[in-house]
Structures are given as structure tokens and as C-alpha cells.
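For reference, the chains in residue letters:
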Amino acid sequence: MSSEKIWPPGIRCAAVFSFDNDDESGMIDSFGPDKMFYVSQGYYDMNAGTWRVLRILERQNVKATFCMVGKTAEKRPDVVKAIRDKGHEVAVHGWDHRPYYNMKEDEERKDMQMTVDIVQKILGKRPVGHRTPDWNPSKSTVNILHEMGGFIWRGDGLDNDLPYVHKFSDKKNIVELPSAVTLDDYDNYAERGYSPQEVFELWRDEFDVLYEEGKFYCLTMHPLVTGRPAPSKTLERIITHVKSHEGVWIATAAEIAQYWLSKHPE
Ligand SMILES: [Zn+2]
């Protein structure tokens, strides 16, 4: 399938800039509640990182997707509203950032429901997208999302360069929007120790190949990482690079999923 048949007329490649608002929950999930060296870095998300990211997105006129941890939303409804008020999508990312792969199904369902409920309470609107903490869903995750209703996308797949559809008999299908560890900021900065310059070059090369092939580019970032001063310049540079190409559709995850469901239901 050529890119003209995949994307809307005139579009060669689609790009999503997504952010996971892990805040301290992600650090507690990884390192425990007592290691303040990590927990303190988690606080940077709500205190400073998200705000810097919002300023960059506004300056660049880019609409992004933010995946909120439920506890983060409960703690800082003002940030959830600020994200929405700037025109971005608010999706969900687990209640306290525990991944689902080793949860019992009931526990997983309850975790998701609490997270949806808090976002709905703050914004008066139900989120339509979900990314499992640590990209580690259970075998039941997509079915639970379907049962709960209202979800049109999830971002757990690391297995493709294009969106694809999880089909259900009632046709309330869910689009998978794949990303990649190479397109994650935490993996590159914290796990691999890359510099902001190296991360920019990696993200630029990934984009250039996907653009050439007419595919889908989904960056997965964290305000507690990319919201830091030097990494924030990498965000600004990669947005500028993506925007310098003709025929790139920069959209929220929900916009891509809606399009995909209407054009590629199979
Ligand atoms: Zn996360």
C-alpha cells in the first residue's frame, strides 16, 4: 500500500508527539517510595517539566497527547485542565503506574476504571486513549478497554510502523498506535545515557526513514525527562525537523485513531 492510500490526500507520513505524565508514581513503581533521589526527580513533571513542554508546544503550534497517571491527575487537576485548555488530548496511563502484565483481571479493570473516572471528573469528558505503564499490558488489557467502552486507541504495541486495528464483533474496534523504545526519551537518556544531541540525531534518523516510507512516527516522552532544559531543546529541534517536511500530518493520537477507524477498519 503506497502512502497515498494510507493517509489523507497530500499526506505522506503522520506524527504524534505523546507525553506520559508519570510524575513520582513512575519512580515509585520502579525504585520504591523511599528512594527520594528518584522520587524527587518524579516531582519535576508537575512542578516544571509539563509547563515547559506546554510552552514549547504552544510556540510550535503543535497539538499533542498527554497520558495521565490517575494519581497524578487527582493530585494536580490544575495541570490536567491546563493541558486540555491548550488544546491537547488527555489520555490515561494507569492509576499509580503499576503495569498490568502481572495483575489479576479484576485488579486491572479497577485500576483503569479509577483512572478514567478521575479524568472524567476533572474534565467532564471521558478519555478515549490508553497507554499501559511501562508498555507492559496483560493479555486481557485490550479486551478490558473494549468492555469498558469509549476507548478508540491504545499505545502499547512496539511491533509495527503503522497503526492497526483490534477487531471486536460489535465493531467497537480499538486502534493500536505503535511506538518504539528508540522513540522513548527515558530509554535513551536514562537507560542508554545518550546526550540530547545523540537523542536528536536518533529521533531525526527514525523520522527520516519513516517519512521516506510513508509510515507513522510516535514519540513517547515524559515531561520529567524531556521537560528538563537541555532535552527540551531536543524536543523543539525534532518538532522543527518534522515540520520542515512536506506532507506530514502532526495530530493527536485520538485524531489518528479516528481517521484510521474510518479509513482502515480492517
Ligand atoms: Zn509511564
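Asker: Help me understand the overall build of the chain in this model?
Answerer: Within the chain, the secondary structure is distributed over 12 helices and 9 strands. In terms of overall dimensions, the chain has C-alpha extents of about 50 × 45 × 35 Å along its principal axes. Taking all 266 residues of the chain together, the buried fraction comes to 56%. Looking at the chain, you have 34 positive and 42 negative side-chain charges, and the mean spots of the two groups are 4 Å apart.

Asker: Mind showing me how you'd approach the side chain of Asn173 here?
Answerer: Mapped onto the elements, Asn173 comes out in the loop between β6 (164-166) and β7 (174-176). Within the structure, Asn173 has its side chain in polar contact with the backbone nitrogen of Phe168 (distance 2.8 Å). Apart from residues no more than four positions distant in its own chain, Asn173 is found in contact with Phe151, Ile152, Val165, His166, Lys167, Phe168, Leu261 and Pro265.

Asker: Would you mind showing me how to read the layout of surface pockets here?
Answerer: Empty pockets left among the atoms are what a rolling probe the size of a water molecule brings to light. By volume, the largest pocket is sized at about 350 Å³. Contributing to the lining of the largest pocket are 20 residues, with Asp22, His97, Asp134, Tyr186 and His222 lying nearest its centre. Elements with a contribution of two residues or more to the lining of the largest pocket: α2 (23-31), α8 (185-191) and α10 (223-226). Here the lining of the largest pocket gets 4 residues from one element, more than from any other, and that element is α2. Across the lining of the largest pocket, the residue classes tally to 7 nonpolar, 6 polar and 7 charged. One number sums up the size of the second largest pocket: a volume of about 270 Å³. Together, 14 residues line the second largest pocket, and Arg84, His88, Glu89, Val90 and Lys125 are the ones closest to its centre. Those elements giving two or more residues to the lining of the second largest pocket turn out to be β3 (89-92) and α12 (253-263).

Asker: Just to check I follow, could you spell out the nonpolar core for this structure?
Answerer: Side chains that are nonpolar tend, in soluble globular proteins, to be buried together. With 56 residues, the main nonpolar core has Phe17, Phe19 and Tyr217 as its most contacted residues. Each residue touching Phe17, except ones within four places of it in the same chain, is listed here: Val62, Ala64, Thr65, Leu219, Met221, Leu235, Ile238, Ile239, Val242 and Ile250. Core analysis: the second largest hydrophobic core is formed by 22 residues, Trp7, Val165, Ala253 and Ala254 among them.

Asker: Would you take a moment to explain empty space enclosed by the protein for this structure?
Answerer: Scanning the model with the defined rule gives 1 cavity of 30 Å³ or more in all. As a volume, the largest cavity reaches approximately 30 Å³. Considering the residues around the largest cavity, the lining is formed by Val16, Ser18, Arg131, Trp153, Gly155, Leu177, Phe216, Cys218 and Ala253. Breaking the lining of the largest cavity down by element, the ones donating at least two residues are β1 (13-21) and β8 (216-221). For the lining of the largest cavity, a count of residues per class yields 6 nonpolar, 2 polar and 1 charged.

Asker: Looking at this model, I keep getting lost on the pairing of β8. Mind explaining?
Answerer: Sheet faces and side chains relate simply in a regular strand, where the side chains alternate between the two faces. Within β8, 6 of the 6 residues are buried, which leaves the element mostly enclosed by the surrounding structure. Of the two faces of β8, the one holding Phe216, Cys218 and Thr220 and the one holding Tyr217, Leu219 and Met221 are both buried throughout. Pairing analysis gives 6 bridges linking β1 to β8, with the strands arranged parallel. Paired with Ala14 across the two strands is Phe216, which belongs to β8.

Asker: In this structure, what is going on with the coordination of the zinc ion? I would like to understand it.
Answerer: Tetrahedral coordination by four donors sets the ideal angle at the metal to 109.5 degrees; octahedral coordination by six donors sets it to 90 or 180 degrees. Asp22 (OD), Asp22 (OD), His93 (NE2) and His97 (NE2) make up the full set of protein donors to the zinc ion, lying at 2.0 to 2.4 Å. Coordination at the zinc ion comes from 4 donor atoms whose angles at the metal span 55 to 144°, giving a geometry best classed as irregular. Written as a sequence motif, the donor arrangement for the zinc ion is D-x70-H-x3-H. With Asp22 in the loop between β1 and α2 and His97 in the loop between β3 and α6 (105-123), this residue pair connects regions lying 75 residues apart in the sequence. Since its relative accessible area comes to 8%, Asp22 is described here as buried.

Cut-off values and rules
Note that residues are indexed from 1 along each chain, following the sequence as it is written. Since the coordinates come from a predicted model, pLDDT governs what is reported: local features require at least 70, and pairs of side-chain atoms require 80 or more to be given and counted, while whole-chain, interface and lining totals use all residues. Water and hydrogen atoms were dropped before computing side-chain values, which therefore reflect all heavy atoms in the structure. In this text, helices come from DSSP runs of H or I with a minimum length of four residues, and strands from runs of E with a minimum of two, each type numbered from the N-terminal end. Accessibility here uses a 1.4 Å probe with only protein chains present; expressed as a share of the type maximum, an area under 20% marks a residue as buried, one over 50% as exposed, and anything in between as partly exposed. Only four residue types enter the tally: Lys and Arg on the positive side, Asp and Glu on the negative side; His and the chain ends are excluded. The location of each charge is read from NZ of Lys, CZ of Arg, CG of Asp or CD of Glu. Contacts described as polar in this section are N or O atom pairs within 3.5 Å, which, within protein, must combine one atom able to donate a hydrogen with one able to accept it, while residues neighboring in sequence count only if both atoms come from side chains. We call two residues contacting when some pair of their heavy atoms lies within 4.5 Å. Using a grid of 1 Å spacing that covers the protein atoms alone, one calls a set of points a cavity when a 1.4 Å probe fits there but cannot get out, and a pocket when the set is open and has protein on both sides within 12 Å along at least five of seven lines; lining residues are those with an atom within 4 Å of a point. Grid points are joined across faces, edges and corners, and a volume is the space filled by probe spheres set on the points. Lys, Arg, Asp and Glu make up the charged group, whereas Ala, Val, Leu, Ile, Met, Phe, Trp, Tyr, Cys and Pro make up the nonpolar group; the residues left over, Gly among them, are polar. Side-chain atoms within 4.5 Å link the members of a nonpolar core, which is a set of buried Ala, Val, Leu, Ile, Met, Phe, Trp, Tyr and Cys residues. Only when DSSP finds a minimum of two bridges between them are two strands counted as paired. Metal-coordinating donors are taken as N, O and S atoms lying within 2.8 Å of the metal, or within 3.2 Å when the metal is Na, K or Ca; because water is left out, some sites can appear incomplete. The rule is simple: four donors are tetrahedral if all their angles sit between 85 and 135 degrees, four are square planar and six octahedral if opposite donors span more than 155 degrees and the others lie between 65 and 115, and anything that fits none of that is irregular.

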